[in-house]
Amino acid sequence: MRDQFPIFKKHPELIYLDSAATAHKPKSVIDALMQFYAEEYGTVHRAIYKGSLLATEKYNATREAVRKFLNAKHAEEIVFTRGTTDAINLVALSWGRTHLKEGDEICVSEKEHHSNFVPWQMLAKEKGLKLVSTITPRTRLVAIAHMTNVTGEIHPIEEIVARAKEVGAVVVVDGAQAAPHRKIDVQALGCDFYAFSGHKCYGPTGVGVLYGKKALLESMPPVQGGGDMIAKVTLEKTTYAEPPLRFEAGTPIIGSVIALKAAIDFIESIGQDIIATHENALRQTLEEHLRAVKGLTILGTSLEKGPLTTFTIEGIHPLDLATFLDLKNIAVRSGHLCAQPCLQSFGLTAATRVSFGIYNTKEEVYRFLEELDRAIRKLS
Ligand SMILES: Cc1ncc(COP(=O)(O)O)c(C=O)c1O
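Model, not experiment: these values are computed from the prediction. (Residues numbered from 1 in each chain as written. Predicted model: local features only at pLDDT ≥ 70, side-chain atom pairs only at ≥ 80, totals over all residues. Heavy atoms only, no water.)

Colleague: Got a minute to help me understand the sheet that holds strand S12 (residues 308-313) in this structure?
Modeller: Strand pairs in the sheet, formed through backbone hydrogen bonds, run parallel or antiparallel to each other. An order of S11-S12-S15-S14 is seen for the 4 strands of this open sheet, with the pairing classed as antiparallel. Strands with a single pairing partner mark the edges of an open sheet, and in this sheet they are strand S11 (296-298) and strand S14 (333-335). Direction aside, neighbouring strands of the sheet carry axes that sit 25° apart on average. Taken together, the 3 bridges between S11 and S12 define a ladder with antiparallel strand orientation. Among the inter-strand pairings, Ile 298 is bridged to a residue of S12, identified as Phe 311. The sheet contacts of helix H13 (residues 362-379) involve S11, S12 and strand S15 (351-355), and relative to S12 the element is tilted by about 15°. (Pairing = 2+ DSSP bridges. Helix = DSSP H or I, 4+ residues; strand = E, 2+ residues; numbered from the N terminus. Axes fitted to C-alpha atoms, helices over the stretch in contact; angles between N-to-C directions. Contact = heavy atoms within 4.5 Å.)

Okay, here's the thing in C-alpha cells:
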C-alpha cells in the first residue's frame, strides 16, 4: 500500500502517524489533479465548449461518487464545500439562522472538535440560544461527531438520531474522522446533515462535503451570493438555484472536486472493512504496549473506537515528546488537538496523539514504541 504514496518514495524514513489531521495522497489522486490542470483544464457549468463540458461532466461524476460513498438518496443532497468546517458553518449560518429562535437549545458536548463547537457557540450568541450537553424537549439541533478526534470514540448515531427525533430536533453529524475509516450510510444513520473533508480521505485539501436531506436543503437560504447559485437576477431581485448549486456560489474548487473522486475510488478499491481491520489491528497493538508503560494514560475508555490513540505521560510535555520523535522522523500530533474543552474535561491543556492510515504498518508501530521508550528515558 505504501508504494502507492509518492511521499514515502521521497521520504522512505518517514513514519507518519498523524492521519487524523490529514492523510497523504496516493498517486491516483495526484495524477487526477495533474491531469485536470495539465490536460483538461476548464471551468464548470458556464460554457458550451469541450473543455468546460468535460470539466462539468467530471465535477458531476464526483457528486454521484460521493452520493454512493455516503449512500445518500439523491445526488442533489451532496453540496461541495471547502471542508468539514465550512460544511458545519453552512448549516449554522443557513439552517440555524433561519430555523432557530431565542431560547432554543443546541445539544453539543465538550468532546467536539472546535469545528463542531465554535460555529454553534457563535450562533448561540447571535440568536440567544442555549448550548447544552443533553437532549431535552427544547432541543432543536444536535451536533455530534461520528468519531471523535481526541478519544477516537464512535458515537451511536442511530440511537442519538432516534432520541433527537422524539423531540423534533435536527441532527448534524461531523464525519471528519469517520469517513476515511468506515462505511458511511447516511440513510441508515438517519441524520439530517453529514459533513466530511476530502483531505482526511486521501483527497486534496480545500474540498469537503455537506450531505443534507433534500427537503432540508430546499428549506435553506444561501449563505453566499454570486455566480452559479442563482436562477434569475434582475436589478430588483434575485431568485436562487435549487440545491446543491444554491450553496456553491462562485467558481468552485473544480480540480479538487474532480480529484476527490479518485480518493473515493481509492478507498473503495481497498474496501472500508479491510481498511478498518488493518488500522484497528495497528491501534490495538499500539495500545496493548502503551498500557504497560509506567506513567502513561490513554484518554478515553471506549472500546468501539477509530484508529487513533491520545495519551499523556507523567512528567513529559507532549510538545517535547513530539519534537523528540520528529528528530527520529516520526510524525505525531501534540497540543490541544483543536479540542480545548475536551482536553479541559480531562484536566489537560495538551496531549499526544498517534493516528493511523492505510499506509501504516506494524513495523512502524514497533519503531514508534522503541523511540517512545528512548524518549521517556531521555526526557523524564
Ligand atoms: C472531528 C473533526 N471535525 C472537524 C474537523 C475539521 O476538519 P477541516 O479542518 O478539514 O474542516 C476535524 C479536523 O481535524 C476533525 O478531526
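That was the structure; now back to the text.
Colleague: Looking at this model, I keep getting lost on the site of the ligand. Mind explaining?
Modeller: Around the ligand, the surrounding shell consists of Thr 84, Thr 85, His 113, Ser 115, Asn 149, Asp 174, Ala 176, Gln 177, Ser 197, His 199 and Lys 200. A distance of 3.3 Å is found between an oxygen atom of the ligand and a backbone nitrogen or oxygen belonging to Thr 84. Within the side chain of His 113, an N or O atom sits 3.2 Å from an oxygen atom of the ligand. Protein coverage of the free-state accessible area of the ligand, which is 390 Å², stands at 86%. Each residue belonging to the shell around the ligand can be placed in one class, and the counts come to 1 nonpolar, 8 polar and 2 charged. (Near = heavy atom within 4 Å. Polar contact = N/O pair within 3.5 Å; in protein donor to acceptor, adjacent residues only side chain to side chain. Areas by Shrake-Rupley, 256 points an atom, 1.4 Å probe, with all protein chains shown as cover. Nonpolar A, V, L, I, M, F, W, Y, C, P; charged D, E, K, R; others polar.)

Colleague: Could you clarify how one ought to interpret unusual backbone geometry in this entry?
Modeller: Among all residues except glycine, the phi angle is most often negative; among peptide bonds, the trans geometry is most common. With omega at 5°, the peptide bond leading from Pro 243 into Pro 244 counts as cis. Its location among the elements puts Pro 244 in the loop between strand S10 (238-240) and helix H9 (254-270). Positive phi, close to 50°, is recorded for Asn 71, a residue that is not glycine. Assignment of secondary structure puts Asn 71 in the loop between helix H3 (50-70) and strand S2 (78-81). Its relative accessible area of 29% is what places Asn 71 among the partly exposed residues. (Buried < 20%, exposed > 50% of the residue type's maximum accessible area, 1.4 Å probe, protein only.)

Colleague: Looking at this structure, how should I read the packing of helix H4 (residues 84-99) against helix H5 (residues 118-127)?
Modeller: If you want to describe how two helices pack, look at the angle between their axes and the distance between the axes. Here H4 crosses H5 at 25°, and the two axes come no closer than 9 Å. Here H4 lies roughly parallel to H5, going by the angle between them. For the crossing formed where H4 meets H5, the hand is right-handed. Across from Ile 88, Asn 89, Val 91, Ala 92, Gly 96 and Arg 97 in H4, the residues of H5 making contact are Pro 119, Trp 120, Leu 123, Glu 126 and Lys 127. Of the residues assigned to the contact of H4 with H5, the class counts are 6 nonpolar, 2 polar and 3 charged. (Parallel < 35°, antiparallel > 145°, perpendicular 65-115°, else oblique. Left-handed = near helix turned anticlockwise from the far one by under 90°.)

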